[in-house]
Amino acid sequence: LRLGLRLKSAFMKKASIVNIGNELLNGQTVSTNTAYLGEKLLSIGIPAVSSYIITDDIDSIVRAFNLAADDADIILATGGLGPTDDDLTREAMAKFLNKELQLQDELLQKIKDFFTSRERQMPEKNKVQAYIPAGAKAIANNLGTAPGIMAEANDKLLIALPGVPLEMKQMFEESVLPKLKRLATGQAVEIRKLKCFGTGESNIAELLGPLMQRGRNPLINCTADCGVITLTIIATAEDENKAVRMAERDEKSLRDKLGELIYGTGEQGLAEVVGEKLAQQKKTLAVAESCTGGTLAKLLTNIAGASKYFTYGWITYSNNAKTTELGIPADLIEKYGAVSEQVAQAMAKGARKKASTDFAIAITGIAGPAGASEQKPVGLVYISVDSDNGCDTKHQLFFGDREPIQLRAAQTALNMLRLRLKN
Ligand code: ATP
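Cut-offs and rules
- Residues numbered from 1 in each chain as written.
- Predicted model: local features only at pLDDT ≥ 70, side-chain atom pairs only at ≥ 80, totals over all residues.
- Heavy atoms only, no water.
- Pairing = 2+ DSSP bridges.
- Helix = DSSP H or I, 4+ residues; strand = E, 2+ residues; numbered from the N terminus.
- Axes fitted to C-alpha atoms, helices over the stretch in contact; angles between N-to-C directions.
- Phe/Tyr/Trp six-rings, centres within 6.5 Å; stacked < 30°, edge-to-face > 60°.
- Buried < 20%, exposed > 50% of the residue type's maximum accessible area, 1.4 Å probe, protein only.
- Lys NZ or Arg CZ within 6 Å of the ring centre and 35° of its normal.
- 1 Å grid on protein atoms, 1.4 Å probe; cavity = no way out; pocket = protein on both sides within 12 Å on 5 of 7 lines; lining within 4 Å.
- Points joined across faces, edges and corners; volume = space filled by probe spheres on them.
- Nonpolar A, V, L, I, M, F, W, Y, C, P; charged D, E, K, R; others polar.
- Salt bridge = Lys/Arg side-chain N within 4 Å of Asp/Glu carboxyl O.
- Near = heavy atom within 4 Å.
- Polar contact = N/O pair within 3.5 Å; in protein donor to acceptor, adjacent residues only side chain to side chain.
- Areas by Shrake-Rupley, 256 points an atom, 1.4 Å probe, with all protein chains shown as cover.
- Sits in = over half its atoms within 2 Å of the grid points.

Caption draft 1: Fine view of the sheet that holds strand S10 (residues 219–225). The sheet built from four strands is open, its strands ordered S10-S11-S9-S12 with antiparallel pairing. Two strands in the sheet have a free side with no partner beyond their single neighbour: S10 and strand S12 (262–265). With direction set aside, neighbouring strand axes in the sheet form an average angle of 25°. Relative to S12, strand S9 (residues 188–197) is paired through three bridges, and the arrangement is antiparallel.

Caption draft 2: Summary view of the packing of aromatic side chains. Under the criterion given, the structure shown has four aromatic pairs. Ring centres of Phe 114 and Phe 115 lie 5.9 Å apart, and the angle between their planes is 80°; on these two criteria the pair is classed as edge-to-face. Since its relative accessible area comes to 4%, Phe 115 is described here as buried. Geometrically, the ring pair formed by Tyr 312 and Trp 314 is stacked, given 4.8 Å between the ring centres and 20° between the ring planes. Accessibility expressed as a relative area gives 10% for Trp 314, which makes it buried. Arg 118 extends its terminal NZ or CZ atom over the ring of Phe 114, reaching a point 3.8 Å from the ring centre.

Caption draft 3: Representation of the layout of surface pockets within the structure. Space inside the largest pocket adds up to approximately 920 Å³. Looking at the largest pocket, it is lined by 36 residues, and the ones nearest its centre are Leu 42, Ile 191, Asn 221, Thr 232 and Ile 234. Among the elements of the structure, helix H2 (32–43), S9, S10, strand S11 (228–237) and helix H14 (402–422) are those that each provide at least two residues to the lining of the largest pocket. When its residues are assigned to classes, the lining of the largest pocket shows 16 nonpolar, 12 polar and eight charged. Space inside the second largest pocket adds up to approximately 370 Å³. Together, 26 residues line the second largest pocket, and Gly 79, Gly 80, Pro 162, Gly 163 and Val 164 are the ones closest to its centre. Only H2 and helix H6 (165–183) provide two or more residues apiece to the lining of the second largest pocket. By residue class, the composition of the lining of the second largest pocket is nine nonpolar, 12 polar and five charged.

Caption draft 4: A look at the pattern of salt bridges. Inspection of the entire model under this criterion finds 16 salt bridges. With a closest N to O distance of 3.1 Å, Arg 192 and Glu 190 form a salt bridge. For Arg 192, a relative accessible area of 19% gives the class buried. For Glu 190, a relative accessible area of 18% puts it in the buried group. Close ionic contact of Glu 267 with Lys 193 constitutes a salt bridge, the shortest N to O distance being 2.8 Å. With Glu 267 in the loop between S12 and helix H9 (270–280) and Lys 193 in strand S9, this pair connects stretches of sequence that are 74 residues apart. A single network of salt bridges, built from pairs that share partners, joins Glu 190, Arg 192, Glu 248, Glu 251 and Arg 255.

Caption draft 5: Local environment of the site of the ligand. Looking at the ligand, there are 21 residues lining it, with Ser 31, Leu 81, Gly 82, Asp 87 and Gly 163 nearest. Measuring from an oxygen atom of the ligand, one finds a backbone N or O atom of Gly 82 at 2.7 Å. Relative to its free-state accessible area of 610 Å², the ligand is covered by the protein chains to the extent of 77%. Taking a 2 Å distance to the grid points as the criterion, the majority of the atoms of the ligand fall inside the second largest pocket. The set of elements that each furnish at least two residues to the shell around the ligand consists of strand S1 (15–20) and H2. Grouping the amino acids of the shell around the ligand by side-chain chemistry returns nine nonpolar, 10 polar and two charged.

Structure representation (structure tokens):
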């Protein structure tokens, strides 16, 4: 029993993230540092269990450190290490640790050298950055003047890094991660991401049933972003092999249950997957867009190497453009309306003919907020995919503002092509 308890405590290293800065509270900056650190920490088996965003005020920062220390073994702070009067992390850290700030001559020299290498003299203000709490260690910063600080007290590890994401990431990976990996020994974590498209979160949860139970190991998390559902499998075990085997087993179960709803892995987007298939199958593609205004072409051309398969894109926004550019009879538009199955099909066929491609996609719809009628509400979009095997058309009602409607329509079009390319 005792061994079990000891093992459990070795497994239980947890982190809390404290982000310091008024700019994070007034909407000026989104704390991407939290997301970055949360992901990195989890990947080494130290889950972040809380995060605090705190104003530039010493007592508030100390309070946040105390809360974080109640939650976790490791406190990771970012921001407030600069040279200006609103950079108070050093002082808050000293207060929290109950230590004096001490000038480190070596650090001062490094900061001076940083300026000298840029042919500048160190402003007097920067001298404060050479002070760290007694007993703490400095973390080297090769990209800026703010050194990080690492201190241990009452079984807690407190690490402060600069707020600038580029500096923070470099210092975390170089100096902090190796130390945390050592602390996390005994626990291996394997993380896999499966990307899905074509149904909603609740339907996925239903299909997966008990696999998504909280507290299960592997844990399966589900997030949704503009129609793309990301399933993250987090397997935790005593050793890496076992964690990998557990994650593999779950990945297989998910694939069996979700089939072609899964389009990719990791950070893959639909355009990347569709692009790979087009390139492999040596097929070409043209697009004709109306309500998406180039969103589909942009997604496709965001992928390096798209010139292998992407040849043409039209934004035929007006009826006249649809007629003159894609050869759509004016009376077809007159009869069915620009937002209709008939016009979507004619756009796809017209684009494919003009571009002489294997595939063409067309999108026409009402992105809103104006332009709707009783029969054709905002969010109604027709999408056609045309090839030698015929023309498929789908209509869907998307909800939300203009941009999400455009993005979802473009993603849905890519997904239709993905499913066509499979067969
Ligand atoms: P320095 O003063 O040397 O730039 P610092 O540690 O004082 O470093 P801050 O002044 O707090 O850092 O932040 C610098 C910039 O970094 C901010 O203006 C902001 O744009 C960005 N930043 C700060 N915190 C975060 C965060 N949590 N997520 C993303 N960006 C951040």
